[in-house]
Amino acid sequence: MSKGLEGVVAASTAISCIDGQNGRLFYRGIDINELADHSSFEETTALLWYGKLPNAQQLESFERKFQSNRQIPNEVLAMLMAMPRKTAPMEVLRTAVSALSAYDPDDLDNSLEANVHKSIRLTASMPTIVAAWHRIRNDLWPIPPETSLNHAGNFLYMLTGKEPDPKAAHILDTCLILHADHGLNASTFSSRITASTLSDLHSAIVSAIGTLKGPLHGGANEQVMRMLLEIGDPDRADQYIRGALAGKKKIMGFGHRVYKADDPRAAWLQRLSRDLADASGNRVWFEISERVRTLVQDAKPLPVNVDFYSASVYYTLGIPIDLFTPIFAVSRVSGWTAHVYEQYSDNRLIRPESEYIGPMDVRYTPLAERK
Ligand code: COA
């Protein structure tokens, strides 16, 4: 048995590849650095779904489909309005995605064509759910999507109602590219397990959202920011980290099952965090991050992962902490859906075995005899 399935190869995929020894990541064979430099989230999604970069005409048509599918049904909006205001955004997202299937015209169709339509609707509308919930919980009216903006810019617009700063929109777009897919990570595995029973695409994405939410996976970015806030000052990092490591606590944003070298996405996010710190004139979160990284990596040979610098990036962009993980989902849905198609295309039920370690042949004790 391999606890946590470490080292077990459970699927073949042509979507993304992690070179954990050398800290490299490829989508459909293209180095993530090239995509982060030149691509957009929309183009990267087309690459993940269709296996190659779209030409200009294909990209334009793909972007138009995204823009025209951002609205969520009024019934789903009404459902959001009825939810307790304290509900965490990841819970709201999981619930709303589940509800969206009831209103999807292709709900009962599991063909590839129908699944592509469902994926476009889902990927295009998940930012609308997150932004609408953020406004509703603050007693503000949701802002309808703006078709003239790209995916990242429109998300920032729907959060605030203000024309997004182009630099902020570009940074968010890069973050979405960097989070779009990542081998057989836990949430992607969940989505493939659900798809392998020939359940529907929405169910697979609901499974994935529930899995992403945990602090050992996508939830780590929120925990990183809470740690940076608790430290509060670069000079307090030393005491905090030494205390945490002595207490055998895990430092969020470090460690990875596959990477032995630093996660290549972290290098990008580190640069973005530094640029934002310089531009905003507030370097405190970046400087605490740098101090924490040095302290952790001097003490333990742990790679820094994607969640570490994304925390200070989102925070400096003015994004509320509990939207960090939903933003991860808004991006990763492109990878999840690609993996669901791939699973359906050559399906076999995913059903591992467990090693039973409990007692055997235990007698059934009638209720009256039980103490
Ligand atoms: N801080 C401190 N120690 C850590 C650590 C961290 N973030 N991550 C791993 N370690 C240590 C463990 O304590 C363990 O040490 P031990 O062998 O002395 O007991 C060793 O490294 C192996 O850790 P383990 O939890 O078994 O590795 P894993 O492959 O099962 O877990 C993660 C991978 C990502 C879940 C784990 O590194 C972690 O919890 N990181 C923090 C959460 C996080 O950032 N998640 C986002 C991942 S992208």
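Refer to the structure above for everything that follows.
Draft legend 1. Region of interest: the pattern of salt bridges. In this structure the tally under the stated criterion is 15 salt bridges. The partner of Arg85 in a salt bridge is Asp139, and the shortest N-O contact between them spans 3.5 Å. One end of the pair, Arg85, is in the loop between helix H4 (74-82) and helix H5 (89-103); the other, Asp139, is in the loop between helix H6 (112-137) and helix H7 (151-160), with 54 residues separating them in the sequence. Taken together, the shared-partner salt bridges in this structure form one network comprising Asp104, Asp106 and Arg121.

Draft legend 2. Broad picture of the packing of helix H2 (residues 41-50) against helix H3 (residues 56-68). In contact at an axis separation of 10 Å, H2 and H3 are set at 105° when each is read in the N-to-C sense. Classed by the angle they form, the pair H2 and H3 counts as roughly perpendicular. Across from Phe41, Glu42, Glu43, Thr45, Ala46, Trp49 and Tyr50 in H2, the residues of H3 making contact are Leu59, Phe62, Glu63 and Phe66. Residues that form the contact of H2 with H3 fall into these classes: 7 nonpolar, 1 polar and 3 charged.

Draft legend 3. Main features of the pairing of strand E1 (residues 16-19). Of the strand pairs in this sheet, E1 and strand E2 (residues 24-27) are connected by 4 bridges, and their pairing is antiparallel. Within the sheet, the bridge partner assigned to Ile18 lies in E2 and is Leu25. If you look at the hairpin formed by E1 and E2, you'll find 4 residues sitting between the two strands, and Gly23 has a positive phi there, around 65°.

Draft legend 4. The sheet that holds E2, seen in detail. The sheet built from 3 strands is open, its strands ordered E1-E2-E3 with antiparallel pairing. A single partner strand is all that each edge strand has here, and the edge strands are E1 and strand E3 (30-31).

Draft legend 5. Region of the structure containing the packing of aromatic side chains. Enumeration according to the criterion identifies 9 aromatic pairs in this entry. Seen in terms of ring centroids, Trp49 and Phe62 are 5.6 Å apart; in terms of plane orientation they differ by 80°. Their pairing is edge-to-face. Remark: Phe62 occurs in helix H3 and Trp49 occurs in helix H2; sequence separation between them is 13 residues. Considered together, Trp49 and Phe62 belong to a single accessibility category, that of buried residues. The structure contains a cluster of three or more aromatic residues connected by ring pairs, namely Trp49, Tyr50, Phe62, Phe66 and Tyr341. Here Arg271 stacks its cationic end above the ring of Trp268, 4.6 Å away from the centre of that ring.

Draft legend 6. Fine view of the side chain of Thr194. Locating Thr194 in the fold gives a position in helix H9 (residues 186-196). Side chain to side chain, Thr194 and Ser207 meet in a polar contact 2.7 Å long.

Draft legend 7. Just unusual backbone geometry, in detail. Although it is not a glycine, Asp139 adopts a positive phi angle of roughly 60°. Residue class for Asp139 comes out exposed when judged on its relative accessible area of 64%. Positive phi values are uncommon outside glycine, yet Asp361 reaches one of about 50°. Note that Asp361 resides in the segment after helix H16 (324-345).

Reading the values: rules and limits
- Residues numbered from 1 in each chain as written.
- Predicted model: local features only at pLDDT ≥ 70, side-chain atom pairs only at ≥ 80, totals over all residues.
- Heavy atoms only, no water.
- Salt bridge = Lys/Arg side-chain N within 4 Å of Asp/Glu carboxyl O.
- Helix = DSSP H or I, 4+ residues; strand = E, 2+ residues; numbered from the N terminus.
- Axes fitted to C-alpha atoms, helices over the stretch in contact; angles between N-to-C directions.
- Parallel < 35°, antiparallel > 145°, perpendicular 65-115°, else oblique.
- Contact = heavy atoms within 4.5 Å.
- Nonpolar A, V, L, I, M, F, W, Y, C, P; charged D, E, K, R; others polar.
- Pairing = 2+ DSSP bridges.
- Phe/Tyr/Trp six-rings, centres within 6.5 Å; stacked < 30°, edge-to-face > 60°.
- Buried < 20%, exposed > 50% of the residue type's maximum accessible area, 1.4 Å probe, protein only.
- Lys NZ or Arg CZ within 6 Å of the ring centre and 35° of its normal.
- Polar contact = N/O pair within 3.5 Å; in protein donor to acceptor, adjacent residues only side chain to side chain.

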